[in-house]
Amino acid sequence: MKHLFLCAFLLLGGVDLFAQQNTPPLQEQETPPIAPHQNTPPLPPPGEGAPPLKPNPTPPPVAPIVVAAPKQPNGKIQKSLVRITSTEVEPDYRAPWNTGAIGRSVGAGFVIAGPRIMTNAHVVSNTRYLTVERDGDPNKYPARVLFVAHDCDLALITVDSPEFFKNMVPLDFGGIPELESTVSAYGYPIGGERMSVTTGIVSRIDFQLYTHSSIDSHLAIQISAQINPGNSGGPVMQNSKVVGVAFQGYSGDVAQGVAYMIPTPVIHRFLSDIKDNHYDKYVDLGLTYTKLQNPAQRRYLGLPDDGRGVIVDTVIQAGPAGKVLKQGDVLLSIDDHAIASDAFVELEGERVEMPEVVERKFKGDKVKFDILRDRKPMNLTIVLDTVWPYQMQAHHYDTRPRYVVYGGLIFQPLSLDLLDAYQTSDLRVRHYFDYFILEQIYLQHPDVIVLTNILPDPTNTYLSPYRSSIVDEVNGKKIANLNDLAQAFAETSDRFVIKMIGSGPPLVLERNEVESARDRIRTRYNVITEQNLDEEPIAAQRTVKSEEPRS
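Below: a short report on this structure. (Residues numbered from 1 in each chain as written. Predicted model: local features only at pLDDT ≥ 70, side-chain atom pairs only at ≥ 80, totals over all residues. Heavy atoms only, no water.)

1. Considering unusual backbone geometry
To keep things clear, this is the line we draw: Helix and strand labels come from DSSP, where a helix needs a run of H or I of at least four residues and a strand needs a run of E of at least two; each type is numbered from the N terminus.
Omega for the bond connecting Gly114 with Pro115 falls within 30 degrees of zero, at -10 degrees, which places this linkage in the cis form. Structurally, the position occupied by Pro115 is in the loop between strand E2 (102–112) and strand E3 (116–119). For Glu348, which is not glycine, the phi torsion reads 55 degrees and is therefore positive. You can see Glu348 is positioned in the loop between strand E17 (344–347) and strand E18 (350–353).

What follows is the structure, given as structure tokens:
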């Protein structure tokens with residue numbers, strides 16, 4: 001820092017020196033006053049008797065450089081902003097019994113009423129130790145997680161030290177900023193240790209994919225302010241109020257100056273959901289639909305040319321609409337809001353996509369539909385809930401991978417995290433992942449059990465062709481989930497005949513050989529435990545209370 005101050009000082013001195021060398025001393029001159037509205041005849045052009053024009057030997061004085069005081073349109077954010085450092089452990093899906101690699105990440109957060117600290121879920125995901133710093137305080141305060149919402153990338157944390165929240169100022173929330181209005185993003189991005197602020201304009205308000213879960217789409221606001229690693233979780237402000245939380249953006253090779261913030265409707269829903277000290281997640285209808293803008297298609301369905309209605313494509317049987325709606329139903333209105341043929345509705349004076357009506361509801365709430373089924377009008381009511389099959393295609397955090405190791409064979413349920421870890425190119429595995437919901441594969445296989453890897457041993461030689469195969473049966477019993485597989489291996493059979501989905505001979509294991517190799521395999525590959533059947537939460541994410549701050 002001394003070097004930076006020194007450079008700044010020399011730069012200003014150089015400017016002053018340059019001005020002194022190029023500006024001669026001013027001479028006192030008597031300048032006759034110019035009468036107002038004096039008509040001065042134009043000078044004749046050169047060559048018509050007038051002397052040639054000569055430059056003034058005395059240039060005008062240089063105007064002094066005036067540096068305006070920095071503006072703080074949103075107040076002293078330093079009293080509300082915090083720097084969050086997380087020591088995290090990523091799950092190891094290739095060796096799921098291991099704890100995984102240790103990493104460190106830095107993000108931002110801000111104090112809200114409570115007092116609590118709001119930040120992004122991805123700032124505190126998989127954390128083992130969490131510290132928070134505030135402006136002007138050299139201490140690092142141990143923190144703990146209160147609530148995490150991975151589906152909307154928001155979290156609340158707190159600090160137990162009674163000293164931390166003294167003189168901290170909670171921020172208030174505003175509304176949705178208007179297009180082309182200016183906002184400011186605060187955080188601790190790469191390139192320095194102090195607070196950074198970037199300013200941009202609101203360029204788009206739309207539904208966007210939240211990349212933290214990779215499966216959830218919610219309302220998001222695109223801004224031109226730069227959002228870099230370290231900005232995550234920081235407030236985006238306008239008129240001294242929080243209008244969003246910075247959370248994701250594109251890298252430079254994709255799009256420049258494009259970043260997103262989580263708007264206040266999503267924030268308020270998160271805060272409302274946790275009022276009962278439990279986060280119930282976002283609800284969903286569990287269906288897909290198609291716009292009805294083609295006139296011929298509308299006439300075929302018996303619809304008037306009034307620009308209303310969308311048609312149901314698929315209904316997920318495991319979702320809340322599974323027993324109420326059917327494929328081919330035409331949705332005309334939702335909670336008395338007319339559904340336009342482009343799937344938009346009028347909500348609070350704005351045109352928003354139809355799912356926004358459901359987005360603002362909670363588990364157990366009801367939604368009413370006016371529909372047309374076989375050209376007959378009907379009124380239906382759906383009780384909202386989550387749709388569990390979606391979770392297979394989402395990222396998971398703060399849980400241990402599920403698996404079973406038997407005879408050196410590693411069996412794991414198919415998931416997005418598993419695909420990312422193994423980068424498998426097996427077409428059948430990819431198909432079961434991509435069409436898990438559309439083809440309702442979950443009805444027969446709630447868990448798609450994949451033989452992901454083999455720990456080489458004499459008892460499992462020549463079995464590598466079965467790698468990436470999907471388990472269908474063991475000794476004639478259908479395997480629907482990981483618990484079924486564990487129970488099948490626990491039976492006292494002399495032989496286990498494992499049939500995979502597709503053609504080909506079954507995989508066969510002799511029980512006596514597996515048992516004789518069990519200790520050898522565990523020791524050789526450091527297999528601490530041979531199975532984990534449940535997505536157990538990692539209790540270590542809640543840091544032990546500490547009365548004294550640590551530096």
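2. Remarks on the nonpolar core
Operational definition: Within this scheme, the nonpolar core is defined by two criteria: the residues are buried Ala, Val, Leu, Ile, Met, Phe, Trp, Tyr or Cys, and they are joined through side-chain atoms within 4.5 Å. The cut-offs for exposure are 20% and 50% of the maximum accessible area for each residue type, with area from a 1.4 Å probe on protein chains only; residues under the lower value are buried, those over the upper are exposed, and the others partly exposed. Contacts are residue-level and defined by heavy atoms, with any inter-residue pair within 4.5 Å sufficient.
Core analysis: the biggest nonpolar cluster contains 33 residues, and Met118, Cys152, Phe270 and Leu271 have the highest contact counts within it. Those elements that provide at least two residues to this core are E2, strand E5 (141–149), strand E6 (154–159), strand E9 (217–223), strand E11 (241–249), strand E12 (259–263) and helix H3 (264–273). Among the elements that line this core, the one with the most residues is H3, at 4 residues. Setting aside residues no more than four positions away along its own chain, Cys152 makes contact with Tyr210, His218, Ile262, Val266, Phe270, Tyr279 and Tyr282.

3. Some words on the environment of Ala246
Mapped onto the elements, Ala246 comes out in strand E11. In this structure, the C-alpha to C-alpha distance between Ala246 and Ile221, residues 25 residues apart in sequence, is 9.6 Å. Once residues lying within four places of it in the same chain are set aside, the contact partners of Ala246 are Asn120, Ile227, Asn231, Ser232, Gly233, Gly234, Val236, Tyr260 and Met261.

4. Things to note about the side chain of Gln208
In this structure, Gln208 sits in strand E8 (residues 196–209). Here Gln208 is in contact with Asp216, Ser217, His218, Ala220 and Tyr260, once residues within four sequence places are set aside.

5. So, the pattern of salt bridges
Proximity of charged atoms lets side chains of opposite charge pair with each other. What counts is decided by this rule: Should a side-chain nitrogen of Lys or Arg be within 4 Å of a carboxyl oxygen of Asp or Glu, the pair is scored as a salt bridge.
The full count for this structure, using the stated rule, is 21 salt bridges. Between Lys166 and Glu163 there is a salt bridge; the shortest N-O distance is 3.4 Å. Judged by its relative accessible area of 39%, Glu163 is partly exposed.

6. Examining the sheet that holds strand E21 (residues 403–406)
What counts here: The rule for pairing is simple: two strands pair if DSSP sees at least two bridges between them.
With respect to topology, 4 strands assemble into an open sheet ordered E23-E22-E21-E28, the strand pairing being antiparallel. The sheet terminates laterally at strand E23 (449–454) and strand E28 (531–532), the two strands that pair on one side only. As defined by bridge partners, E21 adjoins strand E22 (residues 409–413) across 3 bridges and the pair is classed as antiparallel. Within E22, the residue paired with Val404 across the bridge is Phe411.

7. Here we look at the environment of Arg511
Topologically, Arg511 is positioned in helix H9 (residues 511–524). Between the C-alpha atoms of Arg511 and Thr492, which are 19 residues apart in sequence, the distance is 8.3 Å. Residues contacting Arg511, with those up to four places away along its chain left out, are Tyr406, Phe489, Glu491, Thr492, Ser493, Asp494 and Phe496.

8. So, the packing of aromatic side chains
We apply this condition: Put simply, two rings from Phe, Tyr or Trp (the six-membered ring, in Trp's case) pair if the centres are within 6.5 Å, and we call them stacked under 30 degrees between planes, edge-to-face over 60, tilted for the rest. Consider the ring centre and the ring normal. A charge sits over the ring if Lys NZ or Arg CZ is within 6 Å of that centre and within 35 degrees of that normal.
Tallied over the full model, the rule gives 12 aromatic pairs. Both rings, one in Tyr406 and one in Phe489, keep their centres 4.3 Å apart while their planes meet at 5 degrees; by these two values the pair is stacked. With Tyr406 in strand E21 and Phe489 in helix H8 (residues 482–490), the pair connects residues that are 83 residues apart, well separated along the chain. For the pair Tyr406 and Phe489, one class covers both residues: buried. Connected via pairs of aromatic rings, a cluster forms that spans Tyr406, Phe411, Phe489 and Phe496. The positively charged end of Arg134 is found above the aromatic ring belonging to Phe164, 5.7 Å away from the centroid. For the cation-ring pair, Arg269 lies above Tyr282, with the distance from its terminal atom to the ring centre recorded as 4.1 Å.

9. Focus on the side chain of Glu473
Mapped onto the elements, Glu473 comes out in strand E24 (residues 471–474). We classify Glu473 as buried; its relative accessible area is 18%. Among residues more than four places away in sequence, those in contact with Glu473 are Lys478, Ile479, Val497, Ile498 and Lys499.

10. Focus: the sheet that holds E11
In plain terms, the rule: To get an axis, fit a line to the C-alpha atoms, keeping to the stretch in contact for a helix; angles then go from 0 to 180 degrees between the N-to-C directions.
Strands sit in the order E7-E8-E9-E12-E11-E10 around a closed barrel of 6 strands; the barrel is antiparallel. The mean angle between the axes of side-by-side strands here comes to 45 degrees, regardless of whether they run parallel or antiparallel. Pairing between strand E10 (residues 235–238) and E11: 4 bridges, direction antiparallel. In the strand pairing of E11, Val236 is matched with Gly244. Each of E9, E11 and E12 touches H3; the most contacted strand, E12, lies at about 45 degrees to it.

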